Amino acid sequence: MVREIIMPKLGETMEEGYLVSWRKKEGEKVEKGEVLFEVMSDKTNFEVESPYSGYLRKILYQPSDQPIPVTTVIAYLTDTPDEPIEISEKKEEVKIDEKKEEIPVIEKKEEIKEEKEERIKISPIARKLAEEYKIDITKIKGTGPDGRIEKKDVLEYIEKIKGEIEKKEEIGLEYEVIKWTPLRKIIAQRLTESKRTIPHYYFQGKIIVDNLLKIKEMKEKEGEKYTITDFLIFFASRVIEEFPLIGAEIIDDEIRVYKDVNIGLAISVQDGLLVGSIKKANKKTIKEISEDRKTLIERARSGKLTHEDTKGTNFVISNLGMYDVESFYPIINPPGVAIMGVGKIEKGVFVENEGIFIKNFMYVSFSFDHRIIDGAYAASFYKKFKEVIEKVSSI
């Protein structure tokens, strides 16, 4: 029996995926439940298991940086190694952004004198073609009588320089074309969708972290080393329990409010940005949160982040303080409805009880989805979060 292997739909919003690798070769035996191929979707790699036992007879698509629509047949499996298979001629085509082939052109350099060009013998048709593509005719070798440049000489020169399109000189500037990676494409699509479909609004505040730094220092003396991000995840998850809309999601036009609080962590990787999920952060100790954070970062940077590691990233924290960034406004990561941007810790002058003090503080910025989170609700969440951190005495 011939069975179809399709590009699976691995999430509610998934419409296409990138084929990363095949774990089996054509002709090899495959057991049901054995990993057959790997797919990237929504910035996450998925290992896809074979739904059947049999032999991988025909692979229709090879790994590439072009997406494949879900349910597209990508391979055939048969019960026996020599069973005949018939492949439909109407193979579903992968949607590829078609670009009209452009012929690279080279601008005429101003330093070439007009009299030099006038001495070059060239047919009127060849000259018109060269002018159309802005080609320097002094670089073309003519094959006509007395070295005259003919139309075919210009066409041959155009064909010759096609391979120089990746890096060329234009108006004295050099540039290099960088190909879009699958991860970068997904990031671009998601962030564009976020800004286009979600009515963002923003605000920013200062949070004094003197007490937090004291606790951090105390924990280090006890042999427990935690980052500022660990503490922010810990406290944010507790405050969101009181303001559950902050950790909600919009899926299939439903507002989903969860009992547990998952905190998304923005992680920088080579090709872009991934978001890992600290599951049930509101029920975990600071030590458990720190261990989860380290594990997520390690998996993300080694390319081993799974779908389970990324799903449910309701409220996201993005910390750029370690890069000396003072403040920034992050873009909401759908289907979540809120995200927090954290800047560096710095010293500032504060007036308190008519006294002037120098204290440690950081800017914290928020982006909210105005469809379900009103300004007063978000401000109340921020006020509580600020109060918890500034007044913390133990953990």
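Everything below is about the structure shown above.
When you look at the packing of aromatic side chains in this model, what are you seeing that I'm missing?
Across all of its chains, the model carries 17 aromatic pairs by this definition. Between Phe 203 and Phe 368, the aromatic rings sit 5.4 Å apart at their centres with planes inclined by 40 degrees, giving tilted as the arrangement. On the criterion of sequence distance, the pair formed by Phe 203 in strand S11 (residues 200-208) and Phe 368 in strand S18 (residues 355-369) is long-range, its members being 165 residues apart. On the basis of relative accessibility, which here comes to 0%, the residue Phe 368 falls in the buried class. Note on Tyr 226 and Phe 231: the rings are 6.1 Å apart at their centroids and 90 degrees apart in plane angle, and the pair reads as edge-to-face. With a relative accessible area of 0%, Phe 231 lands in the buried category. Taken together, Tyr 201, Phe 203, Phe 243, Phe 315, Phe 366, Phe 368, Tyr 377, Phe 381, Tyr 382 and Phe 385 form an aromatic cluster joined through their ring pairs.

What should I look at first to understand the environment of Pro 145 in this one?
Among the secondary structure elements, Pro 145 is positioned in the loop between helix H2 (124-132) and helix H3 (151-160). Through-space distance from the C-alpha of Pro 145 to that of Lys 121 is 9.1 Å; in sequence the pair is 24 residues apart.

Got a minute to help me understand the sheet that holds strand S8 (residues 73-78) in this structure?
Backbone hydrogen bonds are what pair the strands of a sheet, in a parallel or an antiparallel way. Within the open sheet, the four strands sit side by side as S1-S8-S6-S3. Their pairing is antiparallel. Because the sheet does not close on itself, it has two edges, and the strands there are strand S1 (2-6) and strand S3 (29-30). By the bridge criterion, five bridges tie S1 to S8 in an arrangement that is antiparallel. Within S8, the position partnered with Glu 4 by the bridge is Tyr 76.

Would you mind showing me how to read H2 here?
Given 3.6 residues per helical turn, the α-helix brings residues three or four places apart onto the same face. Turning to H2, its buried residues number three or more, namely Ala 126, Leu 129 and Ala 130. For H2, the angular spread of buried residues about the axis comes to 100 degrees, placing them on one side. In H2, those exposed residues whose orientation departs by more than 90 degrees from the buried face are Pro 124, Lys 128 and Glu 132. Within two residues after H2, Lys 134 carries a phi angle of roughly 55 degrees, on the positive side.

I tried to follow the sheet that holds strand S17 (residues 338-352) on my own but got confused; where do I start?
As summarised here, the arrangement of the six strands in space is S11-S18-S17-S16-S14-S15, forming an open sheet in which the pairing is mixed. Every interior strand has two partners, whereas the edge strands, S11 and strand S15 (272-278), have only one. Adjacent strand axes in the sheet meet at a mean angle of 35 degrees, parallel and antiparallel pairs treated alike. Note: S17 against S18, 13 bridges, orientation antiparallel.

How should the nonpolar core be read in this particular structure?
For soluble globular proteins, nonpolar side chains are generally found buried alongside one another. Counting 55 residues, the largest nonpolar core has Phe 315, Phe 366, Phe 368 and Phe 385 as its most contacted members. The greatest single-element share of this core, amounting to nine residues, is contributed by helix H6 (residues 228-242). Listed in part, the 21 residues of the second largest apolar core include Leu 19, Trp 22, Phe 37 and Ala 75.

Explain a nonpolar patch on the surface to me, please; I cannot follow it from the model alone.
Taken together, the side chains of Val 349, Val 351, Ile 356 and Ile 358 define a hydrophobic patch exposed on the protein surface, amounting to about 480 Å² of accessible area. Relative to the helices and strands, Ile 356 is located in strand S18.

How should the environment of Lys 195 be read in this particular structure?
Here Lys 195 is to be found in helix H4 (residues 182-197). Put simply, Lys 195 and Ile 332 are 137 residues apart on the chain and 8.0 Å apart in space, counted from C-alpha to C-alpha. Not counting residues within four places of it along the chain, the set of residues in contact with Lys 195 comprises His 200, Tyr 202 and Ile 331. A distance of 2.8 Å separates a polar atom in the side chain of Lys 195 from a polar atom in the side chain of Tyr 202.

What exactly am I supposed to notice about the side chain of Asn 333 here?
Relative to the helices and strands, Asn 333 is located in the loop between strand S16 (315-319) and S17. Setting aside residues no more than four positions away along its own chain, Asn 333 makes contact with Lys 43, Arg 190, Val 275, Thr 313 and Val 316.

What exactly am I supposed to notice about H6 here?
Over its 15 residues, H6 runs 22 Å from end to end, which matches the ideal 21 Å to within 8%, given 1.5 Å per residue. Taken residue by residue, H6 has Ile 228, Thr 229, Asp 230, Phe 231, Leu 232, Ile 233, Phe 234, Phe 235, Ala 236, Ser 237, Val 239 and Ile 240 as its buried positions.

So, how was this worked out
Residues numbered from 1 in each chain as written. Predicted model: local features only at pLDDT ≥ 70, side-chain atom pairs only at ≥ 80, totals over all residues. Heavy atoms only, no water. Phe/Tyr/Trp six-rings, centres within 6.5 Å; stacked < 30°, edge-to-face > 60°. Helix = DSSP H or I, 4+ residues; strand = E, 2+ residues; numbered from the N terminus. Buried < 20%, exposed > 50% of the residue type's maximum accessible area, 1.4 Å probe, protein only. Pairing = 2+ DSSP bridges. Arc of directions from axis to C-beta. Axes fitted to C-alpha atoms, helices over the stretch in contact; angles between N-to-C directions. Core = buried A, V, L, I, M, F, W, Y, C linked by side-chain atoms within 4.5 Å. Patch = residues over 30% accessible without salt bridge, like charges linked within 9 Å, V, L, I, M, F, W, Y side chains within 5 Å. Areas by Shrake-Rupley, 256 points an atom, 1.4 Å probe, with all protein chains shown as cover. Salt bridge = Lys/Arg side-chain N within 4 Å of Asp/Glu carboxyl O. Contact = heavy atoms within 4.5 Å. Polar contact = N/O pair within 3.5 Å; in protein donor to acceptor, adjacent residues only side chain to side chain. Expected span 1.5 Å × (residues − 1).

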